[in-house]
Amino acid sequence: MGIHRTSLAISQHKCRSGAEPLVMLTAYDAPSAKMADEAGADVILVGDSVAMVVLGHNDTMQVTIAEMAHHTAAVARSNPEALVVADMPWLSYHISPADTVANAAKLVRSGAQAVKLEGGSERVPMIEAIVSAQIPVMGHLGLTPQSMLAQGGYRIQGRNSEAALAMVADAKALAHAGCFAIVLEGMPAAVARMITGATDVPTIGIGAGPDCDGQVLVFHDVLGIETNLRPRFVRRYASQYQDGVQALAQFAADVRRGDFPSAQESYEMHPEEQMALGLYGS
Ligand code: KIV
């Protein structure tokens, strides 16, 4: 058995001190978590991307805290060495600090070791409330999919100097409020580099260039299971959708040809018992 990762260890993981970049992968159920863990991920994120890649919604705003808890529990049951972080879904941390802590606690009671939420300085009161309930929090800045209505779609953030400086200030505020790491999504590499240099907690990038303290991708994107969307930051390492369709079509063909199941894939009954039923030799 290896060493289980902790949010404390992750919080100290900065590449400027010579550390290798952190690896974070999303997973939404026990088999995907087991695969990510065996592949050596440091962090498994039960992302609200589950809404799109697993549950068939068009955006992440449709997933509920109950659904996130359900998927978090499945991931946690695989008992990974990686740190399990669960996304707080839209509207689960926007109402009040008390409501936010209660929702974070639901994810912890489902097996999360930390929670993640989206947004900048405006989230500080909620982050402080969760941290004071002894629950580690990961921040998320830049292109934040839960803000896609307010941000006018999925748009790269921080393209001008004013917006870039505002994001650096947001990152400092999140770190000061107690976030142990911050996801940087959909921003110019130069801005992610500035934020990474300006904060003492690790940054984990997605579409934010190579100079973050770690990188994250969505499980279904890495394995080529998701084929509808392919943003430029996704690198595919397999074509599991096509491979899967091919395998399933082969099964269908074998069934229709009468090739499946074979004798080896079937269970036998003792000849005497068959005789008692009048089946032997039939
Ligand atoms: O939900 C998710 O998958 C995420 C990652 C893209 C960081 O938040």
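Our subject is the structure that appears above.
Residues numbered from 1 in each chain as written. Predicted model: local features only at pLDDT ≥ 70, side-chain atom pairs only at ≥ 80, totals over all residues. Heavy atoms only, no water.

Peer 1: Give a description of the overall build of the chain that names residues and reports values.
Peer 2: A tally of regular secondary structure across the chain gives 11 helices and eight strands. Judged by the C-alpha coordinates and their principal axes, the chain covers about 85 × 40 × 35 Å. Across the 282 residues in the chain, those meeting the buried criterion constitute 45%. Restricting to contacts in the chain with at least 6 residues of sequence separation, those with at least 24 account for 58%. (Helix = DSSP H or I, 4+ residues; strand = E, 2+ residues; numbered from the N terminus. Buried < 20%, exposed > 50% of the residue type's maximum accessible area, 1.4 Å probe, protein only. Contact = heavy atoms within 4.5 Å.)

Peer 1: I'd like a description of a nonpolar patch on the surface, backed by residues and values.
Peer 2: A cluster of nonpolar side chains, contributed by Trp90, Leu91 and Ile95, occupies part of the molecular surface with about 290 Å² of accessible area. By the secondary structure assignment, Leu91 is in the loop between strand E3 (83–87) and helix H5 (97–109). (Patch = residues over 30% accessible without salt bridge, like charges linked within 9 Å, V, L, I, M, F, W, Y side chains within 5 Å. Areas by Shrake-Rupley, 256 points an atom, 1.4 Å probe, with all protein chains shown as cover. Salt bridge = Lys/Arg side-chain N within 4 Å of Asp/Glu carboxyl O.)

Peer 1: Can you break down the site of the ligand residue by residue, with the values?
Peer 2: Taken together, the residues surrounding the ligand are Thr26, Leu45, Gly47, Asp48, Ser49, Asp87, Lys116, His140, Val183, Ile206 and Val218. Asp48 places a polar side-chain atom, nitrogen or oxygen, 2.9 Å from an oxygen atom of the ligand. Here the ligand loses 94% of its free accessible area of 260 Å² to cover by the protein chains. Of the residues that constitute the shell around the ligand, the class distribution is four nonpolar, four polar and three charged. (Near = heavy atom within 4 Å. Polar contact = N/O pair within 3.5 Å; in protein donor to acceptor, adjacent residues only side chain to side chain. Nonpolar A, V, L, I, M, F, W, Y, C, P; charged D, E, K, R; others polar.)

Peer 1: Tell me about the pairing of strand E5 (residues 137–142), and please be specific about residues and values.
Peer 2: Taken residue by residue, a regular strand's side chains alternate between the two faces of the sheet. For E5, a buried count of six out of six residues is recorded, marking the element as mostly surrounded by other parts of the structure. In this structure, strand E4 (residues 114–116) lies alongside E5, joined through two bridges in parallel fashion. Paired with Val115 across the bridge in E5 is Val137. In this fold, the crossover linking E4 to E5 by way of helix H6 (residues 124–132) has right-handed handedness. Both E5 and strand E6 (residues 181–185) contribute to a ladder of five bridges, which runs parallel. Residue pairing across strands places Gly142 opposite Glu185, the latter belonging to E6. You can see the chain leave E5, run along helix H7 (residues 161–177) and come back into E6, and the turn it takes is right-handed. (Pairing = 2+ DSSP bridges. Right-handed = clockwise from strand over helix to strand, strands pointing away.)

Peer 1: How would you explain the sheet that holds E3 if you had to name every residue and give the values?
Peer 2: In a beta sheet, neighbouring strands pair by backbone hydrogen bonds and run either parallel or antiparallel. A barrel is described by the order of its strands in space; here eight strands give the closed sequence E1-E2-E3-E4-E5-E6-E7-E8, paired in parallel fashion. Here the average twist between neighbouring strands, direction ignored, is 25°. Where strand E1 (residues 22–26) meets strand E2 (residues 43–46), three bridges bridge the pair, whose relative direction is parallel. Of the residues in E2, the one forming a bridge with Leu25 is Ile44. Each of E5 and E6 is contacted by H7, which is oriented at about 175° to E5, the strand it contacts most. (Axes fitted to C-alpha atoms, helices over the stretch in contact; angles between N-to-C directions.)

Peer 1: Go over the nonpolar core, please, and point to the residues and values.
Peer 2: Counting residues in each nonpolar core, the largest one holds 66 residues, and the members touching the most others are Leu107, Met138 and Leu184. Dropping the residues within four chain positions of it, Met138 is found in contact with Met24, Val43, Val85, Val115, Lys116, Leu117, Cys179, Phe180, Ala181, Val183 and Ile204. (Core = buried A, V, L, I, M, F, W, Y, C linked by side-chain atoms within 4.5 Å.)

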